[in-house]
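Below, each chain spelled out in residue letters.
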Amino acid sequence: MGSWEKARNEMLNQVGEMEKLIPGYSYSDKANALNTDEKLCELIIKGIRESKDKLFHVIQFLYESNVEERLDEDLQRLRDELDIFSDEIKARYCEWKVLTVGWIKKAIQHDIDLVRGVEKLNRMLDELLKQALKLEKIKVDHIIQKDPKFWEKLGKKTGDAEKQTDELVRLFKEREAICNIKAVDLEKTYEKIREDIRKKI
C-alpha cells in the first residue's frame, strides 16, 4: 500500500469530505497532486469571491446610510486583504514531491482547514451583512437608541473577519510550503517556514 492510500485510510472522513467538493481529490502522484491543487485553489478563490461580494454589500449599505466613515477604514482594509490573498493564490507555485504518509496527512488537514475556514469567513460576513441591513431598514438613530453598543458589535464582527482572513492566509502559506518543501530535513525546514509565516501575518 502506497503513502497516499495509507494517509487516505487514516483520514477517511476528511478525505471523504474533500472528495465531495473536489472529484478526483488525490495526492497519489504528482499529476493527481497538481490537479488537486488546481481544483482546491479554484474552490478557495470562489469562496473569497463570495466574501468580497458580501463585503461590497456591507460597504454599500453603510454608505447609503451615510455612516460608512465609522467602519470604512476597517472594511476597506479587509477588502484589500481579500484581494491580495486571492492574487497570491492565483500566483502560487506547486512542485509536488513524493512525501511520506505524515506529510500527506498534513496536506490533507490544511486542505480541509482552508475549505472550512473560507466557509466560516462567509458565515461571519453573512452576520455582518445582516447587521448592515438593519441600517438600511431602520433609522440609524433608532438603532443606536435601542442598542447603544451597535457600532462596537459591528466593529468586533469586522475585526473577527479580519482575524479569520489572516488565519486563512497563514494556512495557505503553510500548505504551499508543504507542496514545495525539499525532501531533506522536512520537519526542521517546515517549522522554520511556519515560524516565518506567523511573524509576517
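The structure reproduced in this document is the subject of the present report. Because the structure is a prediction, the values reported are computed rather than measured.

Rules used throughout
Residues numbered from 1 in each chain as written. Predicted model: local features only at pLDDT ≥ 70, side-chain atom pairs only at ≥ 80, totals over all residues. Heavy atoms only, no water. Helix = DSSP H or I, 4+ residues; strand = E, 2+ residues; numbered from the N terminus. Buried < 20%, exposed > 50% of the residue type's maximum accessible area, 1.4 Å probe, protein only. Contact = heavy atoms within 4.5 Å. Phe/Tyr/Trp six-rings, centres within 6.5 Å; stacked < 30°, edge-to-face > 60°.

**Observations concerning the environment of K173**
- Position of K173 among the secondary structure elements: in helix α7 (residues 150-180).
- Under the relative-accessibility criterion, K173 is labelled partly exposed at 29%.
- Along the backbone, K173 and R194 are 21 residues apart, and their C-alpha atoms lie at a distance of 8.3 Å.
- Not counting the four nearest positions on each side in its chain, K173 is found in contact with E88, I197 and I201.

**Side note on the packing of aromatic side chains**
- Scanning the model with the defined rule gives 5 aromatic pairs in all.
- A centroid spacing of 6.0 Å and a plane angle of 75° characterise the contact between W4 and Y27, whose relative ring orientation is edge-to-face. Within this pair, whereas W4 is found in helix α1 (residues 3-10), its partner Y27 is found in the loop between α2 (12-21) and α3 (30-64), the two being separated by 23 residues in sequence.
- Summarising the aromatic geometry, the rings of F85 and F172 are spaced 6.0 Å apart at their centres and angled 75° between planes, so their arrangement reads as edge-to-face. With F85 in helix α4 (residues 72-90) and F172 in helix α7, this pair connects stretches of sequence that are 87 residues apart. Neither F85 nor F172 differs from the other in exposure class; each is buried.
- Within the aromatic cluster, the residues linked to one another by ring pairs are W4, Y25, Y27 and W96.

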